[in-house]
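Geometric and topological summary
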Number of protein chains: 2
Amino acid sequence: MNIQPLLNYISKIVALTDEEITFLTSQVASRKYLKGQYILQQGDINKSVCFVVSGCTKMFYVDTDGQEHILMFAVEDWWSSDLGSFISQTPSDFNVQCIEDTECIVFSYNNMEETYAKIPKLERLFRKTIEKAFVASQKRIVRNFSMSAKERYLIFKDSYPEIEQRIPQYMVASYLGITKEFLSKIKSQIAFQ
Amino acid sequence: MNIQPLLNYISKIVALTDEEITFLTSQVASRKYLKGQYILQQGDINKSVCFVVSGCTKMFYVDTDGQEHILMFAVEDWWSSDLGSFISQTPSDFNVQCIEDTECIVFSYNNMEETYAKIPKLERLFRKTIEKAFVASQKRIVRNFSMSAKERYLIFKDSYPEIEQRIPQYMVASYLGITKEFLSKIKSQIAFQ
DNA sequence: AAATGATGTTAATGTAGATTAACATTTTTA
DNA sequence: TAAAAATGTTAATCTACATTAACATCATTT
């Protein structure tokens, strides 16, 4: 199993010994999904945290009216999971679905305690990763409160130009919390200045 | 210095030895603020993470139109900080202000690495705390996208009845992302069913 | 106890973005 | 290569919530 992409990612944050790498390798698994496949479904208990090696996923919530609300995308070198369901082992509020053929490296809930115990550096890595995710999430709340949809779209485009290229526009709209029709209007406004 | 409230909080999540408690005590400080005082101001670098022992704080963002947007309140046993500024030691986007006389126990940035190194259990505690905060933040994003202001108000009221009692209504409105006038309307609607 | 400031309410009017619906374009499949 | 499915656009109409403004109530200070 090739976990090199994960090791490269980790090495940017903490340095593992050969022994730790060997142990880590024994604790994770590689998984491949086709475009359209679900990694997690609303209501199921999330048993795993995925590191995306290639491809792209979306995490979304389907509300009582059947409307889909995208919370995040994950591409190469990102983490993709419903952390809430994972940490409390309760039914998930979210779906995680592949929007391209996707390859992941997977940590499973049962191994997690042992992995943290044997490699405390990984606990540090996850602490830092989640700190950043939390900060980004707070900033998104602020933007949703204080900025217009147009401003939010421009920031998204600017922050994630690669992602905007590879996903359909109606998913960008969903991520921004607006309808595809309104995003279409915004884009035509921008085109004419 | 009385750090008992912090120790009680910690003991619910991880068990510290006497030695660890002694060390921890040497690393934190107690601080008192009056109602209205700022613990952190937008633009300043956040040097500390506060555990609230008594009182209440609000963290908020002032946008370019001078409008205030409240991200969170913190009461007894909660953490109150701009984590983004803290972890990256960059100017803060947020203000933290006391809305009651408030007493905190403070971890400072300079001690943090050492504290984690000496008491890895605290790194575990913070990982878990931030995981929960992140999950709550994601759920808030979903609610803001998929629910009406009235629904969000009812959930807030239900989730934090104590907080709703002790803060002015216009701050609840700001937290919900609506105007005080509209919250007033919602409340009168609810009163007549 | 009056005055000041902070907080809350009501109502008229305005607007960002939703909804609906019809159609255009692109991609995928048979 | 035609048909079907997925994606994107345009325009009319609607609505949740913002804005403004005037006033009411409560708390704090002098």
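A quick note: this is a predicted structure, and the numbers were derived from the prediction, not measured.

Parameters at a glance
Residues numbered from 1 in each chain as written. Chains lettered and ligands numbered in written order. Predicted model: local features only at pLDDT ≥ 70, side-chain atom pairs only at ≥ 80, totals over all residues. Heavy atoms only, no water. Buried < 20%, exposed > 50% of the residue type's maximum accessible area, 1.4 Å probe, protein only. Helix = DSSP H or I, 4+ residues; strand = E, 2+ residues; numbered from the N terminus. Contact = heavy atoms within 4.5 Å. Near = heavy atom within 4 Å. Polar contact = N/O pair within 3.5 Å; in protein donor to acceptor, adjacent residues only side chain to side chain. Pairing = 2+ DSSP bridges. Axes fitted to C-alpha atoms, helices over the stretch in contact; angles between N-to-C directions. Nonpolar A, V, L, I, M, F, W, Y, C, P; charged D, E, K, R; others polar.

1. Quick word on helix 1 (residues 4-11) of chain A
For helix 1 of chain A, the full list of buried residues reads A:P5, A:L6, A:L7, A:Y9 and A:I10. Next to the buried residues of helix 1 of chain A lie helix 2 (18-27), strand 3 (48-54), strand 6 (79-80), strand 8 (102-108) and helix 5 (120-146) of chain A.

2. A look at the protein's contact with DNA strand D
Around DNA strand D, the surrounding shell holds 15 residues, and the nearest of these are A:Q169, A:Y170, A:E181, A:S184 and B:A149. The side chain of A:Y170 places a nitrogen or oxygen atom 2.4 Å from a phosphate oxygen of DNA strand D. A:S184 is positioned such that a nitrogen or oxygen atom in its side chain is 3.1 Å from a phosphate oxygen of DNA strand D. Elements with a contribution of two residues or more to the surface near DNA strand D: helix 8 (169-176) and helix 9 (180-191) of chain A together with helix 6 (149-159) and helix 9 (180-191) of chain B.

3. Some remarks on the sheet that holds strand 7 (residues 95-98) of chain A
Strand order in this open sheet of 4 strands is 2-7-4-5 (chain A), and the pairing throughout is antiparallel. The open sheet has two free edges, formed respectively by strand 2 (38-40) and strand 5 (68-74) of chain A, since each of these has just one partner strand. Strand after strand, the sheet turns through a mean of 30° between neighbouring axes, direction not considered. Here strand 4 (residues 57-62) of chain A runs beside strand 7 of chain A; their pairing, made up of 4 bridges, is antiparallel. Each residue of the ladder has a partner; that of A:T57, found in strand 7 of chain A, is A:C98. Taken strand by strand, helix 8 of chain A contacts strand 4 and strand 5 of chain A, and its axis lies near 100° from that of strand 5 of chain A. Most of the contacts of helix 5 (residues 120-146) of chain B go to strand 5 of chain A, to which it runs at about 140°, and overall it touches strand 4 and strand 5 of chain A.

4. Structural notes on the protein's contact with DNA strand C
Taken together, 15 residues form the shell around DNA strand C, and within it A:A149, B:Q169, B:Y170, B:E181 and B:S184 come nearest. Counted by atom, the contact set of DNA strand C within 4 Å of the protein is 77% sugar and phosphate. Taking B:Q169, its side chain carries an N or O atom lying 2.6 Å from a phosphate oxygen of DNA strand C. At a separation of 2.4 Å, a phosphate oxygen of DNA strand C approaches a polar side-chain atom of B:Y170. Counting only elements with at least two residues in the surface near DNA strand C, the list comes to helix 6 (149-159) and helix 9 of chain A together with helix 8 (169-176) and helix 9 of chain B. In terms of residue count, helix 9 of chain B provides more of the surface near DNA strand C than any other element does, 4 residues in total. Residues of the surface near DNA strand C, tallied by class, amount to 5 nonpolar, 6 polar and 4 charged.

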